Amino acid sequence: MAEEKTTRELVYETNRDVKWICRMLRQMEAQDEEFEGRIRALEGWRAEKAGEERRLSTMSAGAGGVVGGRWR
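Computed from a predicted structure; not experimentally measured.

Notes on the overall build of the protein chain
Part 1 of the argument: For the protein chain, the count of helices and strands is one helix and zero strands.
Part 2 of the argument: Classification of the 72 residues of the protein chain by burial places 1% in the buried group.
Part 3 of the argument: Counting every atom, the protein chain has about 7,200 Å² of accessible surface; 57% of that belongs to carbon and sulfur.

Overview of a negative patch on the surface
Part 1 of the argument: Taken together, the side chains of Glu29, Asp32, Glu33, Glu36 and Glu43 present a region of like negative charge at the surface.
Part 2 of the argument: By the element assignment, Glu36 lies in helix H1 (residues 7-70).

Topic: the pattern of salt bridges
Part 1 of the argument: Applying the stated criterion across every chain, the model contains three salt bridges.
Part 2 of the argument: Put simply, Glu13 and Lys5 hold a salt bridge, and the shortest N to O gap is 2.7 Å.
Part 3 of the argument: For Lys5, a relative accessible area of 44% translates into the label partly exposed.
Part 4 of the argument: Glu34 is paired through a salt bridge with Arg38; the nearest N and O atoms lie 2.6 Å apart.

Reading the values: the criteria
Residues numbered from 1 in each chain as written. Predicted model: local features only at pLDDT ≥ 70, side-chain atom pairs only at ≥ 80, totals over all residues. Heavy atoms only, no water. Helix = DSSP H or I, 4+ residues; strand = E, 2+ residues; numbered from the N terminus. Buried < 20%, exposed > 50% of the residue type's maximum accessible area, 1.4 Å probe, protein only. Areas by Shrake-Rupley, 256 points an atom, 1.4 Å probe, with all protein chains shown as cover. Patch = residues over 30% accessible without salt bridge, like charges linked within 9 Å, V, L, I, M, F, W, Y side chains within 5 Å. Salt bridge = Lys/Arg side-chain N within 4 Å of Asp/Glu carboxyl O. Lys, Arg positive; Asp, Glu negative; His and termini not counted. Charge placed at Lys NZ, Arg CZ, Asp CG, Glu CD.

In structure tokens:
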């Protein structure tokens, strides 16, 4: 027959489990913050690239108009 645990043992095990859960939650939170930071950096990079593409597109259109106008 299984030996019953004392209240002290149960409290110790519960505290140990709660501490483990808290550690895991802190790690998950840190990972989430790191993930959020990476997503924000990626979104900034994408916005920057989209801005560059718009500028290049405008410059190409302007250059095409100038070159096209000269060859008429």
